[in-house]
Number of protein chains: 2
Amino acid sequence: MAHSPPAVVLVRPREEGNVGAAARAMANMGLSRLIVVEPAAPFGKVAEMFAVGARHVLESALRVPDLRTALAPFRRIAATTSTRDRTLTVPLLTPRELPAWLAAAGAVPTALVFGPEVGGLTNEDLALAGAVVTIPCSPVQPTLNLSQAVLILAYELFLAREAGLGLPASAASADTAALPPATAAELEGLLGHLTEVLTRVGFARDESFPGVLTDLRQLAARAAPGSREVRILRGICRRTLGALARAGYGDG
Amino acid sequence: MAHSPPAVVLVRPREEGNVGAAARAMANMGLSRLIVVEPAAPFGKVAEMFAVGARHVLESALRVPDLRTALAPFRRIAATTSTRDRTLTVPLLTPRELPAWLAAAGAVPTALVFGPEVGGLTNEDLALAGAVVTIPCSPVQPTLNLSQAVLILAYELFLAREAGLGLPASAASADTAALPPATAAELEGLLGHLTEVLTRVGFARDESFPGVLTDLRQLAARAAPGSREVRILRGICRRTLGALARAGYGDG
């Protein structure tokens, strides 16, 4: 199970040819689970033409309304950017470092997230990932085609699987969570609960609130709490909300 | 000079979109020298559309009538195939092994050769290369798009350059030629000279001759003789032809 290959999540792709070419690259490297986040190009003749030998990947692709829905079932999520954003607090990986990070004990299922052809992933998108991958390339022309980015990551993962990479000792010890991390859906539940508390205490009216929420989301993704830890944190939220209600706070 | 990036040679590409996408992949990974072997698609709007940020690569591309002309100036040549042909006698490399092989002492300029979208390189094409690279991928869908193959090799070379790979000690000692290998044009001259001898002695009429010539070509590519060694071998051919002529052999 630890070697179960990741899903590929394409966020709002504009060109169906790129989706087809990405499907082909996935099939080349033994990946098959494709998720496309709306709004996205419909898959027509052009997508099929580019998806040489990978029509099954296109046909079984899932289309979902937003990235959170796409990521809900996954326990380890890596997102891609073309530029290293210094404000990110999650680990910044190279493609070659990705397999060991994804292979952390029991952290399946996993997902790789790729942004739209123009502009890439937003900070809000990136905040949902536990790590960010940047593909090394020439500073003069640093923007890879979408399917090319998919290929590079899939290639590194393929080589690692071929080499029988399990969990390297260093990655195992670096990993603080002994238990499988919570799913994105569980984290989302925690953040929803926390937002409820922050709303109740009036913080949600603060104009810095959206930024703070993004920071909290990143923190959660980076910390990768386990399911039990998420339940404990939600217990704290519940108790806090109960106490506030009993005190009549925020009702007036 | 030992780090001078290789030229990319696309042999008879059919789709201009692939040429454009290959040019983009080259620019992404810091390569700029593109050679296209005829017959090839003309570069029009489609090629330009795919060559995002790499129009300069397309515009400066050289178009040549055949692969031998394309390869004449190069001293180390690696060709790509999707299937490992057991009859090849040259080294079979993975993309990750390619940088060290190309970086052999003084072996610049170097070239990477890619076949047409359908069918790939012929055995005759492959015989011009000193090594053959196969990109590891799923046996279920082993055929990469042309620009994807270019990207993988260019990516591995980029990483090796970034890591400051010079000539690893092992590659240096494995390399028998202390001097830079001859150019493809010099090897071609040698083979022409040798063919003259073989013709003179009647061997060229043998029906196995074309196959033998391919074997000799592969042997020459693999042996990678230096310029001085080529001159010595051609001296032997010249002396042999002279002796045959004096003996009146082959005139009757």
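The rules behind the values
Residues numbered from 1 in each chain as written. Chains lettered and ligands numbered in written order. Predicted model: local features only at pLDDT ≥ 70, side-chain atom pairs only at ≥ 80, totals over all residues. Heavy atoms only, no water. Helix = DSSP H or I, 4+ residues; strand = E, 2+ residues; numbered from the N terminus. Expected span 1.5 Å × (residues − 1). Buried < 20%, exposed > 50% of the residue type's maximum accessible area, 1.4 Å probe, protein only. Contact = heavy atoms within 4.5 Å. Pairing = 2+ DSSP bridges. Buried area = accessible area lost by both parts, 1.4 Å probe. Salt bridge = Lys/Arg side-chain N within 4 Å of Asp/Glu carboxyl O. Nonpolar A, V, L, I, M, F, W, Y, C, P; charged D, E, K, R; others polar. pLDDT = per-residue confidence, 0-100. Patch = residues over 30% accessible without salt bridge, like charges linked within 9 Å, V, L, I, M, F, W, Y side chains within 5 Å. Areas by Shrake-Rupley, 256 points an atom, 1.4 Å probe, with all protein chains shown as cover.

Turning to helix H7 (residues 146-162) of chain B, a few remarks are in order. Residue and element names in this part refer to chain B. The end-to-end C-alpha separation of H7 is 24 Å, in line with the 24 Å expected for 17 residues at 1.5 Å each. Of all the 17 residues making up H7, 15 are buried; the element is thus mostly covered by neighbouring parts of the structure. Taken from the residues just after H7, Gly164 is the one with a positive phi, measuring 70°.

The next subject is the environment of Thr183(A). Residue and element names in this part refer to chain A. For Thr183, the location among the structural elements is in the loop between helix H8 (169-174) and helix H9 (184-200). With relative accessibility at 12%, the residue Thr183 sits in the buried group. Separated by 54 residues in sequence, Thr183 and Ala129 have C-alpha atoms that sit 11 Å apart. The contact partners of Thr183, leaving out residues within four places of it in the chain, are Ala72, Pro73, Phe74 and Arg75.

Right, let's talk about the pairing of strand S4 (residues 76-80) of chain B for a bit. Residue and element names in this part refer to chain B. A large share of S4 lies buried, amounting to 5 of its 5 residues. The alternating pattern of S4 places Arg76, Ala78 and Thr80 and Ile77 and Ala79 on opposite faces, both of which are buried. Strand direction decides the pairing type here: S4 and strand S6 (residues 110-114), joined by 4 bridges, are parallel. Note on S6: the bridge partner recorded for Ala78 is Leu112.

The next thing to look at is the interface of chain B and chain A. Counting from both sides, the interface comprises 29 residues of chain B and, opposite them, 29 residues of chain A. Buried area between chain B and chain A, summed over both chains or domains, comes out near 2300 Å², and the portion from carbon and sulfur atoms is 56%. Interface area lost by chain B to chain A is led by Asn28(B), Gln141(B) and Tyr155(B), which between them contribute 25%. Between chain B and chain A we count 2 salt bridges in total. Between Arg96(A) and Glu156(B) there is a salt bridge, with the nearest N and O atoms lying 3.0 Å from each other. Secondary-structure elements contributing two or more residues to the side of chain B that touches chain A are helix H1 (16-28) and H7 of chain B. Here the residues of the side of chain B that touches chain A sort into 17 nonpolar, 9 polar and 3 charged.

Attention now moves to the pattern of salt bridges. Applying the stated criterion across every chain, the model contains 16 salt bridges over all chains. The salt bridge partner of Glu188(A) is Arg68(A), with a shortest N-O separation of 3.4 Å. With a gap of 120 residues between them, Glu188(A) in helix H9 and Arg68(A) in helix H4 (residues 67-71) connect regions that are remote in the sequence. Classification of Glu188(A) by relative accessible area gives partly exposed; the value is 23%. Take Arg68(A): its relative accessible area is 31%, and that puts it in the partly exposed class. Among the ionic pairs, Arg55(B) bridges to Glu48(B), the shortest N-O distance being 3.6 Å. When its relative accessible area of 28% is taken as the criterion, Glu48(B) is described as partly exposed. Taken together, the shared-partner salt bridges in this structure form one network comprising Arg68(A), Glu124(A), Glu188(A) and Arg217(A).

Residue and element names in this part refer to chain A. For chain A, per-residue confidence averages 86 on the pLDDT scale, and 90% of positions sit at 70 or higher. Counting interchain partners and residues more than four positions distant, the pLDDT-below-50 stretch residues 166-177 has 12 contacts. The ipTM value of the predicted complex is 0.78, and its pTM value is 0.81.

Residue and element names in this part refer to chain A. On the basis of which strands lie adjacent, the open sheet formed by 7 strands has the order S3-S2-S1-S6-S4-S7-S5 and parallel pairing. The open sheet is flanked by strand S3 (62-64) and strand S5 (92-93), the only strands paired with a single partner. Of the pairings in the sheet, the one linking strand S1 (residues 7-11) to strand S6 (residues 110-114) comprises 4 bridges and is parallel in character. Within S6, the residue paired with Ala7 across the bridge is Ala111.

Below, the discussion takes up a nonpolar patch on the surface. Taken together, Ile232(A), Leu233(A) and Ile236(A) make up a surface patch of nonpolar side chains, about 250 Å² in accessible area. By secondary structure assignment, the location of Leu233(A) is in helix H11 (residues 227-247).

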